[in-house]
Each structure stands twice: as structure tokens, then as C-alpha cells.
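# Coordinate analysis (summary)
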Amino acid sequence: MLETDIEDAVVAASADTEEEAFAPAKTGYGAEEADVRAISQTNITSIFWARKILRTHGTGAWVFGFPEADVRADSQVSVSLTEIDTNNTPFLGPATTQVLNVVPHADGTMTVRYHVGWNSNIRVLFNFIIAN
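Here we summarise the structure given alongside this text. (Residues numbered from 1 in each chain as written. Predicted model: local features only at pLDDT ≥ 70, side-chain atom pairs only at ≥ 80, totals over all residues. Heavy atoms only, no water.)

## Points about the nonpolar core
Quick reminder of the rule: Among buried residues, those of type Ala, Val, Leu, Ile, Met, Phe, Trp, Tyr and Cys that are joined through side-chain atoms within 4.5 Å constitute a nonpolar core. Each residue is placed in one exposure class: buried if its accessible area under a 1.4 Å probe, protein chains only, is under 20% of its type's maximum, exposed if it is over 50%, and partly exposed if it falls in between. Helix and strand definitions here come from DSSP, where helices need a minimum of 4 consecutive H or I residues and strands a minimum of 2 consecutive E residues; each element is numbered from the N-terminal end. Working rule for contacts: check all heavy atoms of both residues, and any pair within 4.5 Å makes them a contact.
Counting 20 residues, the largest nonpolar core has F64, F66, M110, V124, F126, F128 and I130 as the members making the most contacts within it. When contributions to this core are tallied by element, the ones reaching two or more residues are β1 (47-56), β3 (76-83), β5 (109-117) and β6 (122-131). Broken down by element, the residue count for this core peaks at 5 residues, all from β6. If we ignore the near neighbours within four places in the chain, the residues touching M110 are W62, V63, F64, F66, V71, V77, V103, P104, H105, F128 and I130.

Encoded structure:
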């Protein structure tokens, strides 16, 4: 189980972990040396936001699809996960929630591996931001 110590991010990596040089995944945005860019300075062509609710617990993987979204294997997908109440309002409950892996696919879907630390199904909200 993960500790909540601020130093976990440093000690969780193996001793031989190293950061690679920045290489843009997409070309044509301009300033190659800039690590942080505003949207107006990139080649982002679309941003999509969506939410999905599951009743689940433990570790699992779910394939999500959004027909109205442009999802490709090279899409930038960010997913957060939180417990929600009966009114669909996020709250910090006793269960832990983690997004473990996110894999966008060329067929327009994405697989999310997650963990919900509870012994029975609870309602959780997956919040997606997809950029191309």
C-alpha cells in the first residue's frame, strides 16, 4: 500500500530510474526547447472532456469509448478517479482510488487499469480529458 509521505514520489522509483531528454510527441508546435506551453502555442486540434461512473472495487481494467471524441493511439489522455455519493458529488471517503494505467487505442477506445481499495462495490467517477 502506498504511504502518504511527500517523499514517496522520489523513493518509489528504482535507483536506476532517470529522466529522458524532452522529445515532443507531436511536431509543428514551434518552440522545441519549451517544456510548458499554452494551448495557443501548440498544435492541439481538439480537447474533449467526459465522465463515466462505475460501481466497482479491487483492481480491474475497463475499456471506455466515447463515440463523439477523437481518440487515437497517439491521443493524450488524462484520467482521474474519485469516490462519489448518491448525488454524483465527489468526496474524500475512506476508500483509496488509483488510476494505474491509461492506454488509448487506434479504434477510438481506451483501456484504464484502476484500483479501488474497498471490499465491496462503491460508486466511482472517472474523469477524462483527451487532447489531440
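So that's the structure; there's more coming.
## Some thoughts on unusual backbone geometry
Positive phi, close to 65°, is recorded for N88, a residue that is not glycine. In this fold, N88 is placed in the loop between β3 and β4 (96-104).

## Considerations on the sheet that holds β3
The line we're drawing: Between any two strands, at least two bridges found by DSSP are needed for them to pair. Here an axis means a line fitted to C-alpha atoms, over the contact stretch when the element is a helix, while the angle between two N-to-C directions is reported on a 0 to 180 degree scale.
In space, the 3 strands of this open sheet follow the order β1-β6-β3, with antiparallel pairing throughout. Each edge of the sheet is formed by a strand with only one pairing partner; in this case those strands are β1 and β3. The sheet shows a mean angle of 20° between the axes of neighbouring strands, direction not considered. Direction of pairing for β1 relative to β6: antiparallel, over a ladder of 10 bridges.

## Some details on the sheet that holds β5
Spatial ordering of the open sheet is given by β2-β5-β4, a layout of 3 strands whose pairing is antiparallel. Where the open sheet ends on each side, the last strands, each with one partner, are β2 (58-65) and β4. Averaged over all adjacent pairs, the angle separating strand axes in this sheet is 20°, with direction ignored. Both β4 and β5 contribute to a ladder of 8 bridges, which runs antiparallel. Counterpart to P104 in the pairing with β5 is M110.

## Looking at a nonpolar patch on the surface
Selection criterion: Exposure above 30% relative accessible area and the lack of any salt bridge qualify a residue for a patch; like charges then connect within 9 Å, and the nonpolar side chains Val, Leu, Ile, Met, Phe, Trp and Tyr within 5 Å. Using a 1.4 Å probe, the Shrake-Rupley method yields the accessible areas, and only the shown protein chains count as cover for residues. The salt bridge definition used is simple: a Lys or Arg side-chain nitrogen within 4 Å of an Asp or Glu carboxyl oxygen.
Residues I44, I47, W49 and I129 make up a contiguous nonpolar surface patch of about 400 Å² in total accessible area. Looking at where I47 falls in the secondary structure, it is placed in strand β1.

## With respect to the environment of I53
The topology assignment puts I53 in strand β1. On a C-alpha basis, the gap between I53 and N127 in space is 8.8 Å, while along the polypeptide they are 74 residues apart. Not counting chain neighbours up to four residues away, the residues in contact with I53 comprise I84, N88, R123, V124 and L125.

## Structural notes on the packing of aromatic side chains
As a reminder, the rule being used: Each Phe, Tyr or Trp ring (for Trp, its six-membered ring) is paired with any other whose centre lies within 6.5 Å, and the angle between the two planes then decides the class: stacked below 30 degrees, edge-to-face above 60, tilted in between.
Throughout the structure, instances matching the rule amount to 5 aromatic pairs. Ring centres of F66 and F128 lie 5.0 Å apart, and the angle between their planes is 70°; on these two criteria the pair is classed as edge-to-face. Linking F66 in the loop between β2 and β3 with F128 in strand β6, this pair joins segments that are 62 residues apart in sequence. There is no split in this pair, since F66 and F128 are both buried.

Nothing here speaks to function; it is geometry throughout.
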